[in-house]
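Each chain is listed here by its residues.
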Amino acid sequence: MVHAVIVTPGAAPGLRALLDAVAASATRPEHVVVLDLAPTSGPDAAELVASAQSPSFAVSHVRLDSGMPDRAAVSQWLTSADLAEEDLVWVLPVGSIPEPEALGRLLAAHRRSPSVGLVGPKHVDATSPRTLRSVGIVTTRSGRVVEDPPLGEPDQGQYDLRRDVLAVPLSGLLATVGTLRDLGGWEPSFGDLGADLDLGWRAQLSGRRVVVAPEARLRSVAAVGLATATTGSRRRAARRVALARASWWSAPFLAAWILLSSLCAGIGLLLLKRPQAAAVALGDLGSLNPVRVLAGRWRTRGRREVRRRDIDTLFVPASQIVRTGLDRAHDAVVSPRPESDHTRVDDDRSPGTRALVHPGFLAVLAVAAVVVAAGRDIGGGLISRFGSGVTGGELVTTRATSSSLWHAAFDGWHGAGLGGDGPAGPALALLAIPTWIVEHLPGNGDLASPSGAAVGAILVLALPLAALSAYFSARVSTDSRVLRAGAALAWATVGAAGPAIAQGRLGIAVALVLLPAVLAGVVLLARPTGTATGAFATALGAAALGAFAPPLLVGVVLVCLAVALLGRPGSRGLALVPAVLAPLLLGPWLLDAAADWKLLATGPGLSQWGESGVQPWAPALLHPGGAGSTPWWVGAAVVALGLAGLLVSRGLRSVPTASALLGLASLAAVLAAPHVDLTATTTSAAGAATTAAGSSLTVTPWAGTFLLPLTLALLASALVGADALRHRVRGLSVVAVLLAGLIGAGALGWFGFGTTLRTWSDARPAVAVEQAGGELANRTVFVTPGPSGAAYRIVGRETGSLARALPQSVAGDAVIAADVSHLLDGTDPEAGPRLARHAIGFLAVAESAGDDVARRLDSAQSLSRLASRDGFDLWRIAAPGSGTNRAVAPARLTLVSGQESSLVPTLGEHGATSTDITAREGDVLTVAEPPAWTRHATVRFGGEELTANPDAQQPTYALPAGTHRLTIDVETEHPWLRLWQGLAILVVAFLAIPFGNRASRSRR
């Protein structure tokens, strides 16, 4: 006898259809029972059941507790109903519709073998019967439910040969009453899918086969016929089932495997930038609850008739899971190939030929030729510029290495000369990267300045890279290659582009490459197709831009905030990502900028020292003045094209409107820049001797900085305007844009960069260079006379900024001002030995100081004359102290024993070292650094931290007797902030990597 058990929550909408489908079956059950789980306040199914009585079978109505799960309801009915053990139960929840032949085919599958215990149908979609939902429940040995068939796969009979499975869903299940009673029904703690899996697993272990009859079809809605772990709770329940059904000795190993595989899968999915899928995988760890597993195992205990390894063929092998995971990882990382377009006309030209006639390639090639032509007047050959770098203009070229740049960026005590604890520009850390690359290039043994070579390469390559960046970035405005090539030519040759190279404005050279890409990223974020990947990439680019050009970062942040306030709802949150993250990625420098607003107004090479000498109206025509500037009429052509593009604006939220707002704001900044005084006059304590930084020149932001967004806004407006035109007028506009670019390139190549820059050479003699970079780590003082006194600068192994920005404080260097003055006028014979105590090993005085100064220095104590070099007269300063172990020259670190002194090797910046020394009772260590250095350095001897003598004029430390390791560390400024900054940069860089295609990224 077959009992059709219909489970319904009251008079559900699908109940009538289900009763009709049962009545229309080719093979009808002898009895239909409706288990009514209607809510207390809702209508039950009694009236509907009464009207559905059939002469072929009896229909009964059983009211059960409301809210009871379907499986618990069936189990309760099986317990209380008067049924024979051999009777068959066919479970049909509301939401499933059996096809007419379903019951007959299920009965045939059940009768095919006496070992069959549970039979399930093929589930197809209720609204689309040709779409598969499930053909049994498929899982791995560890309880990982496999979506097989995949959701939405069409039913083409490909699974009709499947028979034995591990389990089948509740919906459509056919089983004998005796089987269900012997198995104890469904375990409620495993939920719905887990309970079905557990029932089938226990049936298999008890010797009863679980089969699926694919020829029996059941139309099911999404909530019925579950064979896939669609939620985290179902995934965890399936894992607990696997743990409950494992043997007692293998369960711990299985739990360890679930732990390891879940962690690996979660981490792998995070690396593939699938955070939601990673959260699901890591959620499997919640299944490792021993209390719930043991409780479920105890409640479902029973006699096992089949060995566990005998049902291994029912599980999906691990190799298949690995292959599937690798395939999905490949699809996530590699973009699928686009379908071939048969309507496209085939291009028989070779890739090389296509590249040679590509407008973008031609634009970059033209700009490279312009750089070669415009640099004809720069002193030195091209190879020497790469080998030694260039100097002049705003550049400050030294023998800096990647290590010295790194320490200058992060150490609490840093900078050239005697150093200081002022703010260090974030650009130094980024410049350390290309400098490190230059240091490791083959044949770099003759490099005089690795950083100079890196800066020289940046200046040479900046304009071609700017053209390349502008060409690709202009795609947000137009798809026309010719238009983009013309705009790229104009961007790399008009306005501030030429002066940036000619005047050594390092920050502008980098901004020429980064700014088009960053603003293009903001435009994409403002569109409906914006992605989170694009937001993080824009934030990373904006942070790099801010490191070299802080004023432009301020502009980018304001643009992003405008998009967040006025843009489309879907783009507002994305626009906030670069607005917030970009400044934060600059780390502790942001704290310095908050304390001194002038840091936001300038950057490396972004200051105007003195008057620019340009007419007030000239910057409005993209003419900043100075070396490398093209005539005003070159920029006027770009201005005219940009204004013409505004006439075709199609809406308030159009690119021309945004360009107009950006252009007006940039123009206001251009006109206001010469009136913003950034001067911070700093002089030394001595009257006559001042540092070069003590100049009384007025320092203002360079107006050319703000010409970059103005030029970009004008070009964007021109591109959109030209692209919007049609027919002959459009052709004329394309020619006009291309002509403007060609005029700019021709003008820059014709007028050139001028003679401001020249190839750099170290003015120090070879012995001074060797001692500065060796264990002595001493310094050289360069003195240049001036109308109001002499100015000096201290050159050692350390470095500061590679381009001028703000006037630097000279409080540290001022400690030697009086001694320099006394040496020049010959009034104090002890001035030379006092300079030696500051590790000053050499004195270079400009020949223009006169013969009287030279004669006084020749007769000064501790000074001996060297050969003149590059317009400077040179003197060597003897080391202080006496004794056989005295250093050959003044040293940064000295071990003093009574009247004797000996060298302590210096290995790092500003006295940093790690070496073994032997000290006697009463010995002291002196460090040739200013007293404030002690606040940023840690000195340890034999692992014990030492304290400086507070009464000494220099950092002085008493050493305990014995041979121990001396370690001097210059501490990193804000170490925890630096750590979080580094982690944030890594995370944002990872999130900016574009995995897969754009459509897949927009869905995440």
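Because the structure is predicted, anything quoted here is derived from the model rather than measured.

(A) Spatial organisation of the side chain of Asp155. Of note, Asp155 is situated in the loop between strand E9 (145-146) and strand E10 (174-176). According to the relative accessible area criterion, Asp155 is buried, its value standing at 16%. One polar contact links Asp155 to Lys122, side chain to side chain, over a distance of 3.2 Å. If we skip the residues at most four places from it in the chain, Asp155 touches Lys122, Val124, Arg130, Thr131, Leu132 and Arg217.

(B) Molecular detail of the pattern of salt bridges. Inspection of every chain in the model, using the stated rule, returns 37 salt bridges. Between Asp310 and Arg307 there is a salt bridge, and its shortest N-O distance comes to 3.2 Å. Several salt bridges converge on common partners, so that one network encompasses Glu99, Lys122, Asp155, Asp160, Arg217 and Arg219.

(C) Region of interest: the pairing of strand E17 (residues 779-786). Sheet topology note: the E17/strand E19 (residues 840-846) ladder contains 5 bridges and is parallel. Pairing of Val783 across the sheet is with Val845, part of E19. Examined bridge by bridge, E17 and strand E18 (residues 789-795) share 7 bridges and lie antiparallel to one another. Residue pairing for E18: Thr780 is matched across the bridge by Val795.

(D) Region of the structure containing the nonpolar core. Leu463, Trp491, Leu515, Leu708 and Phe753 are the most contacted members of the largest nonpolar core, which totals 95 residues. When residues in this core are grouped by element, the largest group, 10 residues, is from helix H20 (residues 506-525). The contact partners of Leu463, leaving out residues within four places of it in the chain, are Val367, Val371, Ala492, Ala497, Ile501, Leu512, Leu748 and Phe753. Counting residues in hydrophobic clusters, the runner-up holds 59 residues, among them Ile137, Leu173, Ala242 and Val293.

(E) Quick look at the environment of Val523. Tracing the chain through its elements places Val523 in helix H20. For Val523 and Phe941, which are 418 residues apart along the polypeptide, the C-alpha to C-alpha distance reads 58 Å.

(F) Inspection of the sheet that holds strand E29 (residues 962-970) at higher detail. With antiparallel pairing, 4 strands are arranged side by side in an open sheet as E24-E29-E26-E27. Each of the sheet's edge strands pairs with one partner strand only, and the pair in question is strand E24 (913-919) and strand E27 (944-945). For strand E26 (residues 937-941) and E29, the ladder comprises 5 bridges, and the chain directions are antiparallel. Pairing of Arg940 across the sheet is with Thr967, part of E29.

(G) Just the packing of H20 against helix H21 (residues 532-548), in detail. Interhelical geometry of H20 versus H21 gives an angle of 155° and a closest axis separation of 9 Å. Of the possible angle classes, the one that applies to H20 and H21 is roughly antiparallel. You can see that H20 and H21 cross each other, and the crossing is left-handed. Where H20 abuts H21, its residues Gly507, Val510, Ala511, Leu514, Leu515, Val518, Gly521, Val522 and Leu525 lie against Gly534, Ala535, Thr538, Gly541, Ala542, Ala544, Leu545 and Phe548.

(H) Representation of the domain arrangement of the protein chain in the model. In terms of domains, the protein chain is made up of domain 1 (2-327), domain 2 (354-399 + 448-505 + 619-683 + 691-760), domain 3 (510-604), domain 4 (766-877) and domain 5 (893-976). For domain 1 versus domain 4, the separation of C-alpha centres amounts to 89 Å.

(I) Representation of the sheet that holds strand E23 (residues 900-903) within the structure. Strands sit in the order E23-E22-E25-E28 across an open sheet of 4 strands; the sheet is antiparallel. The sheet terminates laterally at E23 and strand E28 (956-958), the two strands that pair on one side only. Within the sheet, the average angular offset between the axes of one strand and its neighbour, ignoring direction, is 25°. Here strand E22 (residues 893-897) runs beside E23; their pairing, made up of 4 bridges, is antiparallel. When the bridges of E23 are listed, Ser897 appears paired with Glu900.

Definitions and cut-offs
- Residues numbered from 1 in each chain as written.
- Predicted model: local features only at pLDDT ≥ 70, side-chain atom pairs only at ≥ 80, totals over all residues.
- Heavy atoms only, no water.
- Helix = DSSP H or I, 4+ residues; strand = E, 2+ residues; numbered from the N terminus.
- Buried < 20%, exposed > 50% of the residue type's maximum accessible area, 1.4 Å probe, protein only.
- Polar contact = N/O pair within 3.5 Å; in protein donor to acceptor, adjacent residues only side chain to side chain.
- Contact = heavy atoms within 4.5 Å.
- Salt bridge = Lys/Arg side-chain N within 4 Å of Asp/Glu carboxyl O.
- Pairing = 2+ DSSP bridges.
- Core = buried A, V, L, I, M, F, W, Y, C linked by side-chain atoms within 4.5 Å.
- Axes fitted to C-alpha atoms, helices over the stretch in contact; angles between N-to-C directions.
- Parallel < 35°, antiparallel > 145°, perpendicular 65-115°, else oblique.
- Left-handed = near helix turned anticlockwise from the far one by under 90°.
- Domains from an automatic or database assignment.

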